[in-house]
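Coordinate analysis (summary)
One letter stands for each residue in the lines below.
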Amino acid sequence: MPAVLLDSPFGQLSVVEDDGAITRLTWGGKADGDQTDLLREAGAQLRAYGDKQLTRFDLPLRVVGSEFQRAVCDAMLEIAFGETRTYGQIASDLGASPQAVGNACGGNPIPIIIPCHRVIGSTGKLTGFGGGIPTKKALLKLELEHSQFPHSA
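What you see is a predicted model; the values in this text were computed from it and never measured.

1. Details of the side chain of Gln-45
Within the secondary structure, Gln-45 sits in helix H1 (residues 37-50). Residue classification places Gln-45 among the buried positions, given a relative accessible area of 5%. When near neighbours in sequence (up to four residues on either side) are disregarded, Gln-45 contacts Leu-54, Phe-57, Asp-58 and Leu-59.

2. With respect to the nonpolar core
Residues Val-15, Ile-22, Leu-46, Tyr-49, Phe-57, Met-76 and Ile-112 are the most contacted members of the largest nonpolar core, which totals 38 residues. Mapped by element, the contributors of at least two residues to this core are strand E1 (3-8), strand E2 (11-18), strand E3 (21-27), H1, helix H2 (67-77), helix H3 (87-94), helix H4 (98-106) and helix H5 (133-145). The element best represented in this core is H1, accounting for 6 residues. Apart from the residues within four sequence positions on either side, Phe-57 is in contact with Gln-45, Leu-46, Tyr-49, Ile-112 and Ile-113.

3. Considerations on the pairing of E3
Taken together, the 6 bridges between E2 and E3 define a ladder with antiparallel strand orientation. By the bridge assignment for E3, Val-15 is matched with Leu-25. As consecutive antiparallel partners, E2 and E3 are separated by 2 residues, and within that stretch Asp-19 has a phi angle of approximately 50°, a positive value.

4. A short note on the pattern of salt bridges
Under the counting rule described, the total for this entry stands at 5 salt bridges. Measuring nitrogen to oxygen at the nearest pair gives 3.8 Å for the salt bridge that ties Asp-18 to Arg-62. Taken together, the residues Asp-18 in strand E2 and Arg-62 in the loop between H1 and H2 connect sequence positions 44 residues apart. When the shortest N-O distance is used, the salt bridge between Arg-85 and Asp-93 registers 2.9 Å. Owing to a relative accessible area of 54%, Asp-93 belongs among the exposed residues under this scheme.

Rules used throughout
Residues numbered from 1 in each chain as written. Predicted model: local features only at pLDDT ≥ 70, side-chain atom pairs only at ≥ 80, totals over all residues. Heavy atoms only, no water. Helix = DSSP H or I, 4+ residues; strand = E, 2+ residues; numbered from the N terminus. Buried < 20%, exposed > 50% of the residue type's maximum accessible area, 1.4 Å probe, protein only. Contact = heavy atoms within 4.5 Å. Core = buried A, V, L, I, M, F, W, Y, C linked by side-chain atoms within 4.5 Å. Pairing = 2+ DSSP bridges. Salt bridge = Lys/Arg side-chain N within 4 Å of Asp/Glu carboxyl O.

Quick look at the structure:
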């Protein structure tokens, strides 16, 4: 599976493509194989997001996981730029427990693009995030400070 390594305001990111879809984003990692058009586009969109020029990613995604994992990822994709939802709100929508939603958020294979950073505790507390709480805080701050500019794809 081709992978690209890129520098971002949120650390070095590895983005993986499999069969025409983005399947994974991790901090660190390594480049692997030839860079594809999709990986170049993912890099361009991540840079635009970090530069406050993009509010919604437009990339083909494939979440590898259970039906519940995919449902939670779909729910996270519905959270608008600059907004947050709680684990409990998503759990209520899906008929699940907040803990199950939290576990699924923690298993999000494509953070930032699938915005698990927009999911917070019921008291507003920032909880678990693969890139670390400081990164989650930085992502939310970027979005909250710039949620007034026009949405673009």
